[in-house]
Every structure is written in structure tokens, then in C-alpha cells.
Amino acid sequence: MSIKAGLVGLPNVGKSTLFNALTKSSIPMENYPFCTIDPHIAITQVPDSRLEQLKNIYHSGKVISGTVTFVDIAGLVKGAASGEGLGNQFLGTIREVDLILHVLRCFEDPNIIRSTDIDPISDFEVIMSELMLKDIESIDKRIPKVEKSLKGKLTGAEEKSLHDELDLLKNARASLEQGDAKKTKEYVTKAVVSTIPLLSTKNFLIVANIAEGELEDQAYLNNPHYQALVKQFGNDNVIPISARVEYELTQMEPAEAQEFMDMMGITATGLDTIIKKTYDNLGLITFFTCGPKEIHAWPIRKGISIRAASGEIHSDIERGFICSETFSYNDLMTHKTEPAIKTAGKMRIEGQHYIVQDGDIVHIRFNV
């Protein structure tokens, strides 16, 4: 499946620097608002240590990792919902992402232009306010269309569906007017019908952009801005990163970068952390197809059946699905070969309703 994460934030919070680090890209990083005028897009491989182990066992010719698409979206300003700054473009692009990465600046630097004091909570609220205002505008356009549809000739089921959507839209609008995006998301999640996508209900993570010196010995834990973010959003939803350090690491040779990370006490790169958190937040897992030609990692959502998962490989495989020979990565690490896995009784024949587990290795049988 295609995974797309959008980096959003007010101007000059470090979005483009972080984007360059995550994607080893080289878009401009100038010290003025709207440096990123068009949304920059890059595809990054998902790091997974299991792939190299699988390659060694199968002696595969190549490895194909899962990928995440990162979008560096133009800096937002207050009034974006009514077209201020690059607001219309920002809000249009953000509709397309699965996950929002709110990049919030948590350090002082007189050399970086900023019109107000550092306040990441306030920055987040500005962005969310604009998203909610745009959602209200979208709902106000949708409600008359639903009401008009209700005047037409309908079946009982169609009429009920439209009434349910109308109730959902009105409840969502009321909660948005109160500035309650969380309540709005509850309405959308629990609704028995779907409606137009709402920006303020998208999944999100917080990227706390801290100073370089705060990485050593986790000094950022004493940063009051970081502490405020953790208090409001929870430790699992806040990722402390120095965008500048992450970018500098990409400019080093691997051995030099590892030495620097060891010296600073950095146990994982920002990319690794963001990918892991993205997977957790979106409820993603990985299954593998393996052979001498290639090892391929396939990201899917938890709870997907093996037949639906096979559609990620090819739609014809899903259509002609018969069964799957399935075993786990951990069992392969224990028994080393597929024949040994069969002998140990760890290889299973699974039907179309089997729910895929993280680390499953599958051989799909199909007929089209």
C-alpha cells in the first residue's frame, strides 16, 4: 500500500531541513517564509533489519523495501483557510496524506526569523484552527447537496443513509465550531456512514524540533516546550528530533555518522523513529514474499485477510486466490530453511480469510 506523510508547520520551524534529512534530498533551506512554494515529494525506503537476513538465506538478487512518501508542504499562516499566504495550496495538498507530521520548533535562535515567541502548543493550535475552518467550509458546501438529494426519489435504505450523513455533518460542524477536533473525529469514526474527508480528523504525530545540544544525554527532557507537548499529546505521539543534526548525519559517511551518533547518545535516526511511529499510528504491519529473484516487503494495515493482502502484490493474484503457504520470519530464523520449517510443522496452508501477521512470509497459490 502507498503510505504518504505530510510535514506541516508554520514558516521557519525546520520542515525543509527535516525533509532533506528524511529523504537525503537537497531542496532549498532559506531563512525566509515560503521557501517551499510547491510541495516537495520524495519516496524513502522503510528501514527493516529483517530484509538483509532474508536476502542472505534466500541468496536473493535484490531487495525491495516498503516505502513512505514524504511531502514537504508550504508553511501555513493564520488565515490560510480563507486563502492567506499559500493556504489554499497547503490545505489542498494535506487532503492527500495519510498522516500529518506537525513540525513544531522547541528552541530559541535569534538568527532564525520569527514574529512571535517560541510556543509550539500555540503553533499547533494555529494549524488545527485553519484545518477546522476549512472543514466547516467543506461541510457547509456538502449539507445543501445532501438535503437536495433527500428530495429525490429514494429507496428506504438510500433515504436512511442520507439522513445519517446529514446528522453526521451537523454534529461534526457543531464540534468544529467549538474547536473540538477530537470530538469531530469521534463522530466520524463511530458513524455508520461515510462523508467527505475532513482535514482536522486525520491521524497526526508531533515532531518536536529541538536544539542540537539537547540531544546529548537526552537533555531535551528538561526542555519546557518539549515537556508541554508530551503533557498534551502523550509521550508516544511526540518525536524529539534535531532537524539540523539529522541533516548533518546524511552528509557523513556511514562510519562517521555512527561514531557521531554514539558520541551524542543517539540510538536511532530520525527516519527510523518517524517510520516506526508512522507504522504504529496507522496500524501498519509488514509481510514478505521471498525467493532467489527478490525479497519484497509489503506494508499493509493490521487485520487484513491474506486474500486482500495478496492484492497488494497484484490484483490478479487476489482475484484468483486459492491459498497461501505461510510461515513466520521468526520460525525461519530458528530453522534456517523452508524444508526445515516444513519438517518442524511450522509451515501452514491458509485460506482466504486468514488474517496476516507482522513478519509473515507467504507463497500465494492462485489461478486466473
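Notes on the structure follow. (Residues numbered from 1 in each chain as written. Predicted model: local features only at pLDDT ≥ 70, side-chain atom pairs only at ≥ 80, totals over all residues. Heavy atoms only, no water.)

## Points about the overall build of the protein chain
Right, on to step 1. Within the protein chain, the secondary structure is distributed over 14 helices and twelve strands.
Right, on to step 2. Counting the 368 residues in the protein chain, one finds 47% classified as buried.
Right, on to step 3. Per element, the accessible surface of the protein chain, about 18,400 Å² overall, is 50% carbon and sulfur. (Helix = DSSP H or I, 4+ residues; strand = E, 2+ residues; numbered from the N terminus. Buried < 20%, exposed > 50% of the residue type's maximum accessible area, 1.4 Å probe, protein only. Areas by Shrake-Rupley, 256 points an atom, 1.4 Å probe, with all protein chains shown as cover.)

## Section: the sheet that holds strand β7 (residues 238-241)
Right, on to step 1. Across the sheet, which stays open at both edges, the six strands sit in the order β2-β4-β1-β5-β6-β7 with mixed pairing between neighbours. Both edges of this open sheet fall to β2 (40-45) and β7, since each of them pairs with a single strand only. Adjacent strand axes in the sheet meet at a mean angle of 25° when their direction is disregarded.
Right, on to step 2. Pairing of β2 with strand β4 (residues 67-72) involves six bridges; the strand directions are antiparallel. Counted as the bridge partner of A42 is F70 from β4. (Pairing = 2+ DSSP bridges. Axes fitted to C-alpha atoms, helices over the stretch in contact; angles between N-to-C directions.)

## Considering the pattern of salt bridges
Right, on to step 1. Throughout the structure, instances matching the rule amount to 16 salt bridges.
Right, on to step 2. Its salt-bridge partner being D140, residue R173 comes within 2.6 Å of it at the nearest N-O pair. Of this pair, R173 sits in helix α5 (residues 156-177) while D140 is found in helix α4 (residues 120-149), placing the two residues 33 residues apart along the sequence.
Right, on to step 3. Note on R173: relative accessible area 21%, which makes it partly exposed.
Right, on to step 4. Note that R173 is salt-bridged to E177, the shortest N-O span being 2.2 Å. Residue R173 and its partner E177 are located together in helix α5, separated by four residues, close to a single helical turn.
Right, on to step 5. Given a relative accessible area of 53%, E177 falls into the exposed group.
Right, on to step 6. Within this structure, D48, R50 and D358 form a network of salt bridges that share partners. (Salt bridge = Lys/Arg side-chain N within 4 Å of Asp/Glu carboxyl O.)

## Topic: a negative patch on the surface
Right, on to step 1. Together, E108, D117, D119 and E125 give the surface a local cluster of negative charge.
Right, on to step 2. You can see D117 is positioned in the loop between β5 (99-105) and α4.
Right, on to step 3. Residue classification places D117 among the exposed residues on the basis of a relative accessible area of 69%. (Patch = residues over 30% accessible without salt bridge, like charges linked within 9 Å, V, L, I, M, F, W, Y side chains within 5 Å. Lys, Arg positive; Asp, Glu negative; His and termini not counted. Charge placed at Lys NZ, Arg CZ, Asp CG, Glu CD.)

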